Amino acid sequence: MVFGRRPRAPLLLARLSGLRRGACGRAMAPPRCFALELPGCTLAHFAVGDEDPGARPDPGVAALLGPPGRSYSLSVPVAGSAGCAARVRAARLHQRLLHQLRRGPFRRCQLRRLLCYRPGGGAGGLQHGFLLCDPRDSPDTRSALLALLDACPEAPRPRLAEFSGDPLCRLWQLPWERQDGLGWRQLGRERVVPVPEPVLHPVVPDLPSSGVFPCREAARAVLEACTSFIPEARAVLDLLDQCPEQVQKGKFPVIVIEGLDATGKTTVTQSVSDSLKAVLLKSPPSCISQWRKIFDDEPTIIRRAFYSLGNYIVASEIAKESTKSPVIVDRYWHSTATYAIATEVSGGLQHLPPAHHPIYQWPRDLLKPDLVLLLTVSPEERMQRIEGRGMEKTKEEAELEANSIFRQKVEVSYQRMENPGCHVVDASPSRERVLQMVLSEIQNNCN
C-alpha cells in the first residue's frame, strides 16, 4: 500500500535519488524514505524532506501521523562504515529500545514497525525503527522518549522526531536533537509526502549482510564482532575453525528434511535414518546446540549468524559421514534463510522477494545435499500437534502460532528456494504412509 495519490514515479524518483538544491544553489541532503507497517500487514511509503505542494496524505495514514494524537518516529542509524561491528551495535540497540517501548509510560501507545531507507533502494543506509502513536498526546510520552535517549549516550544514538499536522491538512516531521550542555531542541520541520512503493522491499538489499549470509566468512564476521559481550560466540568460532573451509560430499546420498515445527520432522528423520541405515545429523549440531537459547535471545543478525555457522560445522560432519553411509539431516540452510527472510521483510506475502531472486540461492561455499524434502501439514493439524507436545517454544515458533501471515511467509520462502529446491511432502497422513512417501522420493531422486 502506498498512501496518498500515486505520484509520477519516474519524475519523483529522479528527484528523490539525487541531491536537492536550495534557493542559493547549495546542495541539500536527499529526502529520507520510510516504510510503515500498517494493520493487515500492508505498507505505507512516504518521504520526509521533499517539497511537493500538490501532495496530500491519505486520511488513514494522516490519522496515524497527525492529530488528534501525537506520533513519534525513533530510528537507529548504523554508525561508521556500516561494517559488522556497527551493524551488530545498531541491532542490539534496536532490540533494547523495543523492550523499553513496551513498558512504563509507553504501554498506552501503539507501536508500529518503521524502516528508513535510501531513495532508489540499494544496500546500505537502512535504519530500523519504530512509530510510536500516543492517542492522548500526553507530554509525559515526549518526556519519557527524551529520557530514553539520554540513557543512550554511546553511538549510534537513536534519532527522534515527531509528526504534526497543519490547518491545510499537510503533515510535517519535526526532528529533535541534543545539543551539548543545552538539552534537547527541535530543528524546524520538513514536509511529509507520499512516494511510490519500491520494486523491492527496502530490507531485501541488506539481507546478505544482516541475516541470509551468502558465505561462511560473512556469518563468521558477525560472531567475531560479538565475542566481547557473548563469550559463547568465541566458543562457536573455535569449533568452526576446526572445520575445513572446503569440504566434499562422499559417495552416499545426503538428504535434508525441512519443515515448520510440529510437521513431524523428528519422527520422519529418525524413521528414514533407521530404514536406510543412515547417519542422522541435526543443525545446529550437538556441539553448539547447548548455546541455542543464548543466541535465540539476540537480534536477527546475531541469531542467524549462529545458525549459519552451525550449518558449516554440520557440513564438516556430513562430508565425513557420507563417505561411509547415507546421511539424513534434520534442518539445514533452507530453514536458516527462510526464517530470516520472513522475520526481516515486514508486510505481507506480496512484499517477499520475488521467485528466482538471488536471496533464495544456496551459499556458494556450503556443502550441498542431494535432496531437500519439505514436510507440510495444514495449519489446523499443526496447532493440534503443538498443543499435544507441550514443549518450550522459541520466539519464532511462538510467532508461527500467533501470526498466520508470518507462517505463510516462511512457507512461501521455503517453496522459492532454489539450487536445490524443496520437494514438498504432505505429512498429514499416518506415520507409515508419510515414511513410505519420503522413501519413494529418495528412491526417485537419489542413486
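The shown structure was predicted, so the numbers you read here are calculated from the model rather than taken from an experiment.

Thresholds, definitions, all that
Residues numbered from 1 in each chain as written. Predicted model: local features only at pLDDT ≥ 70, side-chain atom pairs only at ≥ 80, totals over all residues. Heavy atoms only, no water. Salt bridge = Lys/Arg side-chain N within 4 Å of Asp/Glu carboxyl O. Helix = DSSP H or I, 4+ residues; strand = E, 2+ residues; numbered from the N terminus. Buried < 20%, exposed > 50% of the residue type's maximum accessible area, 1.4 Å probe, protein only. Phe/Tyr/Trp six-rings, centres within 6.5 Å; stacked < 30°, edge-to-face > 60°. Lys NZ or Arg CZ within 6 Å of the ring centre and 35° of its normal. Pairing = 2+ DSSP bridges. Core = buried A, V, L, I, M, F, W, Y, C linked by side-chain atoms within 4.5 Å. Contact = heavy atoms within 4.5 Å. Arc of directions from axis to C-beta. Axes fitted to C-alpha atoms, helices over the stretch in contact; angles between N-to-C directions.

What follows covers the pattern of salt bridges. Enumeration over the complete set of coordinates arrives at 16 salt bridges. Arg-70 is paired through a salt bridge with Asp-137; the nearest N and O atoms lie 3.3 Å apart. Of this pair, Arg-70 sits in strand S5 (residues 70-76) while Asp-137 is found in the loop between strand S7 (127-134) and helix H4 (139-150), placing the two residues 67 residues apart along the sequence. The exposure class of Arg-70 is buried, given its relative accessible area of 18%. Look at Asp-137 and you get partly exposed, because its relative accessible area is 28%. Note that Arg-220 is salt-bridged to Asp-241, the shortest N-O span being 2.7 Å. Here Arg-220, found in helix H6 (residues 216-224), pairs with Asp-241, found in helix H7 (residues 231-241); they are 21 residues apart in sequence, far enough to count as distant. By relative accessible area, Arg-220 is classed as buried at 15%.

Our focus in this paragraph is the packing of aromatic side chains. Scanning all chains against the criterion turns up seven aromatic pairs. Ring geometry for Phe-34 versus Phe-46: centroids 5.2 Å apart, planes at 15°, classification stacked. Placement of the pair is Phe-34 in strand S3 (residues 32-38) and Phe-46 in strand S4 (residues 42-48), with a sequence separation of twelve residues. Both residues of the pair, Phe-34 and Phe-46, count as buried. Here a set of aromatic residues connected by ring pairs shows up, and it is made of Phe-34, Phe-46 and Phe-163. In this structure, Arg-189 is placed above the aromatic ring of Trp-172, and the distance from its NZ or CZ to the ring centre is 3.8 Å. Looking at Arg-191, its charged tip hangs above the ring of Trp-172, at a distance of 5.6 Å from the centre.

Right, let's get into the pairing of strand S11 (residues 190-194). The buried count for S11 comes to four of five residues, which makes it a mostly enclosed element. Here S4 runs beside S11; their pairing, made up of three bridges, is antiparallel. Bridge assignment links Ala-47 to a residue of S11, and that residue is Val-193. Sheet analysis places strand S9 (residues 171-179) next to S11, joined by three bridges and oriented antiparallel. Pairing of Leu-171 across the sheet is with Val-192, part of S11.

What follows deals with the nonpolar core. Judged by nonpolar contacts, the single largest core of 67 residues is most densely connected at Leu-223, Phe-295, Ile-318, Tyr-332 and Ile-341. Of the residues forming this core, the biggest block, twelve residues, is contributed by helix H11 (residues 300-321). With residues near it in sequence (within four places) discarded, Ile-318 still touches Val-254, Leu-281, Val-327, Val-329, Tyr-332 and Leu-367. Of all hydrophobic cores here, the second largest spans 21 residues; its members include Tyr-72, Leu-93, Leu-146 and Leu-149.

Before going further, it helps to spend a moment on unusual backbone geometry. For the peptide bond that leads from Ser-283 to Pro-284, omega is 5°, which places it in the cis range. Turning to its location among the elements, Pro-284 is positioned in the loop between strand S13 (279-282) and helix H9 (286-289). With an omega of 10°, the peptide bond between Asn-419 and Pro-420 qualifies as cis. We note that Cys-41 has phi near 60°; this positive angle belongs to a residue other than glycine. Along the chain, the position of Cys-41 falls in the loop between S3 and S4. Backbone geometry places Arg-331, a non-glycine residue, at a positive phi of 70°.

With that settled, consider the side chain of Thr-141. One can find Thr-141 in helix H4. By relative accessible area, Thr-141 is classed as buried at 0%. Those residues in contact with Thr-141 that lie beyond four places of it in its chain are Tyr-72, Phe-106, Arg-108, Cys-109, Leu-132 and Asp-134.

Moving on: H7. Of the residues making up H7, those classed as buried are Ala-233, Val-236, Leu-237 and Leu-240. On an axial view of H7, the arc spanned by its buried residues comes to 100°, and they lie on one face. Buried positions along H7 lie against H6, H9, helix H10 (292-296) and H11.

Another aspect to go through is the sheet that holds strand S14 (residues 327-330). Strand order in this open sheet of five strands is S13-S14-S12-S15-S16, and the pairing throughout is parallel. Looking at strand neighbours, the two that pair on one side only are S13 and strand S16 (423-426), the edges of this open sheet. Within this sheet the neighbouring strands show an average axis-to-axis angle of 25°, counted without direction. Looking at chain direction, strand S15 (residues 371-376) and S16 are connected through four bridges and run parallel. Bridge pairing links Leu-375 to Val-425 in S16.

By themselves these figures say nothing about function.
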